[in-house]
Amino acid sequence: MVGNPRLFTRLMKQECWKRAPIVPGRDPDRWRLDAAGNPVAASLRGCLGCLCHEYDHIVPFSKGGRTEIDNCQVLQTRVNRMKGNDMDDPERQSMYSCARQWSQGELDVMEMAMYGDVKRDGLQCRCKSKAEFDERFKSTFHVPKKQLHLPDCP
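The shown structure was predicted, so the numbers you read here are calculated from the model rather than taken from an experiment.

Right, let's talk about the overall build of the protein for a bit. Looking only at helices and strands, one finds five helices and six strands in the protein. Counted from the first residue to the last, the protein has its helices and strands arranged as α-β-β-β-β-α-α-α-β-β-α. Buried positions account for 36% of the 154 residues belonging to the protein. In the protein, 49% of the contacts between residues at least 6 apart in sequence involve partners at least 24 apart. On the protein, roughly 9,600 Å² of surface is accessible, and the fraction owed to carbon and sulfur atoms is 55%.

Structure follows, in structure tokens:
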């Protein structure tokens, strides 16, 4: 492995993400469940919020765990930081999780903020820009072609 042998490569992270459980009803490219059952967002890596995640060695690197896909798991950042170099214990990890259950509407708002649209079972829509709401700009404003296929969100 080239570079730091402790760090997962971009390709390993992509495969690790694909192996993580899917959040029911949500776009699997955007949302997954971590090893403790927490929803995490693909675009929120390394931050400390409740939807942020990191790629973790199941068997810690410091205890001989190898940096390979079979030893990789997605973990909510705070769970990973509190886990430290402890061995994998899902029950204990769930105790480190954010004490927060997210509604579909709340995840929709988060997704809208991160991507400008929502893609989930039963709802695919995009956020209007300020210019689209402002009467002064309606005649001159053009929505980018890639956004035209999604209706406006309620």
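Okay, the packing of aromatic side chains next. Summed over the entire model, instances satisfying the criterion amount to zero aromatic pairs. Taking the ring centre of Tyr 115 as reference, the NZ or CZ of Arg 30 above it sits at 4.1 Å. One Lys or Arg, Arg 100, reaches over the ring of Trp 102 and ends 4.5 Å from the middle of that ring.

Positionally, Met 112 belongs in helix 4 (residues 104–115). The sequence separation of Met 112 and Cys 153 amounts to 41 residues, and the corresponding C-alpha distance is 9.2 Å. With near-sequence residues (within four places) excluded, Met 112 lies in contact with Asp 117, Val 118, Cys 125, Arg 126, Cys 127 and Cys 153.

Moving on to the state of the cysteines. Enumeration over the complete set of coordinates arrives at two disulfides. For Cys 47, the disulfide goes to Cys 52, at an S-S distance of 1.9 Å. An S-S torsion of about -100 degrees defines the bridge between Cys 47 and Cys 52 as left-handed.

Counting ten residues, the largest nonpolar core is built from Phe 8, Met 12, Cys 16, Trp 17, Ala 20, Val 40, Ala 42, Tyr 55, Cys 72 and Val 74. Listed by contribution, the elements that provide at least two residues to this core are helix 1 (10–19) and strand 4 (72–76). What Tyr 55 contacts, discounting residues up to four positions off in sequence, is Phe 8, Lys 13, Cys 16, Trp 17, Arg 45, Cys 72, Gln 73 and Val 74. Of all hydrophobic cores here, the second largest spans six residues; its members include Val 23, Trp 31, Ala 41 and Leu 107.

The rules we used
- Residues numbered from 1 in each chain as written.
- Predicted model: local features only at pLDDT ≥ 70, side-chain atom pairs only at ≥ 80, totals over all residues.
- Heavy atoms only, no water.
- Helix = DSSP H or I, 4+ residues; strand = E, 2+ residues; numbered from the N terminus.
- Buried < 20%, exposed > 50% of the residue type's maximum accessible area, 1.4 Å probe, protein only.
- Contact = heavy atoms within 4.5 Å.
- Areas by Shrake-Rupley, 256 points an atom, 1.4 Å probe, with all protein chains shown as cover.
- Phe/Tyr/Trp six-rings, centres within 6.5 Å; stacked < 30°, edge-to-face > 60°.
- Lys NZ or Arg CZ within 6 Å of the ring centre and 35° of its normal.
- Disulfide = S-S within 2.5 Å.
- Core = buried A, V, L, I, M, F, W, Y, C linked by side-chain atoms within 4.5 Å.

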